Structures are given as structure tokens and as C-alpha cells.
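In case you want the letters, here they are:
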Amino acid sequence: MRFNWNFDYIKGSKIAYIFSIILTVTGIVSILALGLNYAVDFRAGSNVDITVSKAITAEQIKPIVKDIGVDEGDVTITPGADRVNVRFSNELDETQESKFKQEFTKLDASASYEVNTVDPEMAKELERNAIYAVLIASIGIMIYVAIRFEWRFALAAVVSLFHDAFVVISVFSIFRLEVDLTFITAVLTIVGFSINDTIVIFDRIRENLRFAKKTSKADLREVVNRSLSQTMTRSLNTTFTVFVASLCLFIFGGESIRMFSLAMVIGTLFGAYSSIFIAAPLWFTLKGKQVNKPKAVAKESN
């Protein structure tokens, strides 16, 4: 695909800013009110993932939960066509785990089990390390962009990256999607994909600045719009390729990578969107303030 669009991206960014602000506020409210739906990776307890040969309902599983001495309020049961997930907010001991499997086998003799248990200290450490990973990656990217370009490019890039990561987190919070370790991997992958797209655009802006007038904001506006038009084909082709691959993984992939694939689908779209309508226009806004500053008048020698 090749595109040659003469479009005022700076003007379009005003609508994008409004949309992003609304989405960000909604995400903040959702996270504060509902939090994130942490998987057992980030929450103490036991998670029993069962592969079944026939449909099993939650009502059939509840008596088993009661028999092993666990309160129904501390259990989340998610039945499916060929898999059933039972999440316990507390750790199961060996006796409870063995009895659960024994009783469930009466419902489906060919069922197979995968049990994961995380203690409270490990859950806190995993959550803390995940936050550190995202922050360290963002700081590293900001330093790299600042050295290669300038601080305005770096600031615009990091704002764009945090926007992409927070949008994905917000969507998972709003729709109560499960956040596990593969989700963190997806967020870091999205950050890498987004900064790659942003760097390509910034590099083209820098190249065009070398041969353009920089005497007014109109000149800068023309440079940014032209640079975005020149890189649009590359951005859309790359985004479309990654999006299709992620969507295929989400539809046809296994249960273990489903949340990773979904996060990639969402993050890929918003990564391209933020590079075009957030990062580049934000740099234009920051650079425009420098252009508008009156030049210092040299003092005449006596």
C-alpha cells in the first residue's frame, strides 16, 4: 500500500487529544474504582486450569469447592467449552488440591489439571518488578531519544509511550480482562513497537528540518505534516502486518497467550495512533514555543 495524503495532522491532533483525555480519565476512574483483574501471577492464591472433554457448569463445581472446605465467595469459576478455570483467593494445601481433583474426576474422568500457586510475598514482588520494568524501559528510551535528537523529542516520545501503555491497561480494567505475566510482556512489546514507529517519524522530521525554514510556527507545521505524510505508508503497512499477526494469534492461539495477543491487538492500533496524532504534534507544540520567542537584540557598541 502507498499513500500520498495531504492532511493537516496538527489540526486533527486536537480531536485526538480530546479523545485521549476522555479515555485516560475513564481509565483512571476504572482503575481507582475497580482496580485490575489480576491473575494468580500477581495475586496470592491457587489457580486450577482444567482441560475437560465435555461442558462443565459452575453449578456442578460449587459443591466440590464446598466439600474441600473453601468458601464460595473466595472462588471464581470460569467455565468454557473445553477448559474450566477455578481461581482460589487462598492457597490450597495438598489435601484440598488432591480432594478437588478426585471429586472433579467424577464429573469428567479424562480431565487434566494445571495448578499454579503464588504466595503473598511472591505476588507483591512480581507486581513491583513489573512496574519497575515499564519505568526503567521508559527512562532508557527517554535518555536514548534525548541523546539522538533533543529533549523535546524525548518528552514527546515518552508521553506517547505512557499513553499507549495506559490505554491498554485501562481497557483491561474497564472490561475486567485478566492481567498476568504475559500481559506485562505485551505492554513492553507495545512500548518497543511504538517507539520504533515514533523514531522513524522523528527522524524524518529532523531530516526535513535541515532543508526548511524555521522562522514561524507555520513553517514547523508544514514540516511536521509533510514528514507524517512521507512516513504514513511505512507506518500503516507495519501496523497492519503486526495487527493481523496479533489478531490471528488471538483467534487461533492457545489460552495461555490469549491475553498477550489481545493486548498486542489493542496496543498496535494505539501505538500507530499515538505516534501520528500525539508524539509528533506534541513536539510541534513544544518546538513552536521556541520559535515564537523574540530574538534577543544585540546591544550596539558605543
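Preceding block: the structure.
As the structure is a computational prediction, the values presented were derived from the model and not from experiment.

The next subject is the nonpolar core. Core analysis: the biggest nonpolar cluster contains 31 residues, and Val 145, Phe 202, Ile 205, Val 224 and Trp 283 have the highest contact counts within it. Of all the elements, helix α8 (residues 258-292) adds the most residues to this core, at eight residues. With near-sequence residues (within four places) excluded, Ile 205 lies in contact with Phe 153, Val 223, Val 224, Ser 227, Ala 280 and Trp 283. In terms of nonpolar packing, the next biggest core, distinct from the first, is built from 24 residues, Ile 190, Met 259, Ala 263 and Ile 266 among them.

The next thing to look at is the pattern of salt bridges. Tallied over the full model, the rule gives 13 salt bridges. One salt bridge connects Lys 62 with Glu 59, and the closest N-O pair in it is separated by 3.3 Å. Note that Lys 62 and Glu 59 are positioned in helix α2 (residues 58-67) at a spacing of three residues, about one turn of the helix. Linked through salt bridges whose partners overlap, the residues forming this network are Arg 148, Asp 203 and Arg 206.

Within the open sheet, the four strands sit side by side as β3-β4-β2-β5. Their pairing is antiparallel. Because the sheet does not close on itself, it has two edges, and the strands there are β3 (75-79) and β5 (112-118). For this sheet, the mean angle separating the axes of adjacent strands, direction not counted, is 10°. Relative to strand β4 (residues 83-88), strand β2 (residues 45-51) runs antiparallel, the two being bridged by six bridges. Residue pairing for β4: Val 48 is matched across the bridge by Val 86. Relative to the sheet, α2 contacts β3 and β4, its axis offset from that of β3 by approximately 145°. Strand contacts of helix α3 (residues 94-107): β2, β4 and β5, with the helix running at about 155° to β5, the strand carrying the most contacts.

Time to look at a negative patch on the surface. Together, Glu 91, Asp 119, Glu 121 and Glu 125 make up a negatively charged patch on the protein surface. As for its placement among the helices and strands, Glu 91 is situated in the loop between β4 and α3.

Further remarks concern the packing of helix α5 (residues 151-174) against helix α6 (residues 181-209). Between α5 and α6, whose axes approach to 9 Å, the crossing angle comes to 145°. α6 is crossed by α5, and the crossing has right-handed handedness. Of the residues in α6, those in contact with Phe 153, Ala 156, Ala 157, Ser 160, Leu 161, Asp 164, Ala 165, Val 168, Ile 169 and Phe 172 of α5 are Phe 183, Val 187, Ile 190, Val 191, Ser 194, Ile 195, Thr 198, Phe 202 and Ile 205. Grouping the amino acids of the contact of α5 with α6 by side-chain chemistry returns 15 nonpolar, three polar and one charged.

Thresholds applied
- Residues numbered from 1 in each chain as written.
- Predicted model: local features only at pLDDT ≥ 70, side-chain atom pairs only at ≥ 80, totals over all residues.
- Heavy atoms only, no water.
- Core = buried A, V, L, I, M, F, W, Y, C linked by side-chain atoms within 4.5 Å.
- Buried < 20%, exposed > 50% of the residue type's maximum accessible area, 1.4 Å probe, protein only.
- Helix = DSSP H or I, 4+ residues; strand = E, 2+ residues; numbered from the N terminus.
- Contact = heavy atoms within 4.5 Å.
- Salt bridge = Lys/Arg side-chain N within 4 Å of Asp/Glu carboxyl O.
- Pairing = 2+ DSSP bridges.
- Axes fitted to C-alpha atoms, helices over the stretch in contact; angles between N-to-C directions.
- Patch = residues over 30% accessible without salt bridge, like charges linked within 9 Å, V, L, I, M, F, W, Y side chains within 5 Å.
- Areas by Shrake-Rupley, 256 points an atom, 1.4 Å probe, with all protein chains shown as cover.
- Lys, Arg positive; Asp, Glu negative; His and termini not counted.
- Charge placed at Lys NZ, Arg CZ, Asp CG, Glu CD.
- Left-handed = near helix turned anticlockwise from the far one by under 90°.
- Nonpolar A, V, L, I, M, F, W, Y, C, P; charged D, E, K, R; others polar.

So yeah, pure geometry; function would need other evidence.
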